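Spelled out, the chains give:
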Amino acid sequence: TDYSEGMLRQTKKKVAQFSNTVVQKASILELPFQDDSFDVVVAANVIHLLDEPSKALSEMKRVCKPGGKIIIPTYINKARKNSMFAAKILEKMGVDFKRQFDLKSYQEFFNKYGVHVMEYVTVDGRMPCVFAIIRNAQ
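Residues numbered from 1 in each chain as written. Predicted model: local features only at pLDDT ≥ 70, side-chain atom pairs only at ≥ 80, totals over all residues. Heavy atoms only, no water.

S.K.: Please explain the overall build of the chain as it appears in this structure.
M.R.: A tally of helices and strands in the chain yields four helices and four strands. Starting at the N terminus, the α and β elements of the chain follow one another as α-β-α-β-α-α-β-β. A burial count over the chain gives 31% of its 138 residues as buried. For the chain, the proportion of contacts with a sequence separation of at least 24, taken over those separated by at least 6, is 66%. Of the accessible surface of the chain, which amounts to about 8800 Å², a share of 51% is contributed by carbon and sulfur atoms. (Helix = DSSP H or I, 4+ residues; strand = E, 2+ residues; numbered from the N terminus. Buried < 20%, exposed > 50% of the residue type's maximum accessible area, 1.4 Å probe, protein only. Contact = heavy atoms within 4.5 Å. Areas by Shrake-Rupley, 256 points an atom, 1.4 Å probe, with all protein chains shown as cover.)

Here it is in structure tokens:
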């Protein structure tokens, strides 16, 4: 799912060869799925864009089966010129960052909302990311 029509078009192209995929428009704040629907829920590079991240976290927990995983990768700023430059380019393209994270502030973000993260995995690159991996205790 995605809320952006452009992202949905790109995704449809990328998964067209697979018969076991469904691509649909949805808001992460109101997921159109029953409780406990998925073993794994991934919200990639969206949490930093949301006005109400706690609502998104609640929705992800709701649709994830007890004992399932919630994986939330997001861009991080490691105070590198490349990552700061890339973030500025994205902002000029219309990406509305509500918050920017480094590893410490990302950890503090989840603590603020009372979310216990099992593991943080950092992936370096032009736009470094950190993956928060959460076991759904629901």
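S.K.: What exactly am I supposed to notice about helix α2 (residues 53–63) here?
M.R.: Because each turn of an α-helix spans 3.6 residues, side chains separated by three or four positions end up pointing in the same direction. If you check which residues of α2 are buried, you get Pro-53, Ala-56, Leu-57, Glu-59, Met-60, Arg-62 and Val-63. As for α2, its buried residues are in contact with β1 (38–42), β2 (64–75) and α4 (103–112).

S.K.: Looking at this model, I keep getting lost on the layout of surface pockets. Mind explaining?
M.R.: One way to see where empty space is left: roll a probe the size of a water molecule over the atoms. Volume-wise, the largest pocket comes out at about 1300 Å³. Lining the largest pocket are 34 residues, with Thr-1, Asp-2, Tyr-3, Ala-44 and Val-46 sitting closest to its centre. Elements represented by at least two residues in the lining of the largest pocket include exactly α1 (5–15), β1 and α2. Across the lining of the largest pocket, the residue classes tally to 25 nonpolar, eight polar and one charged. (1 Å grid on protein atoms, 1.4 Å probe; cavity = no way out; pocket = protein on both sides within 12 Å on 5 of 7 lines; lining within 4 Å. Points joined across faces, edges and corners; volume = space filled by probe spheres on them. Nonpolar A, V, L, I, M, F, W, Y, C, P; charged D, E, K, R; others polar.)

Just distances and angles here, no functional claims.
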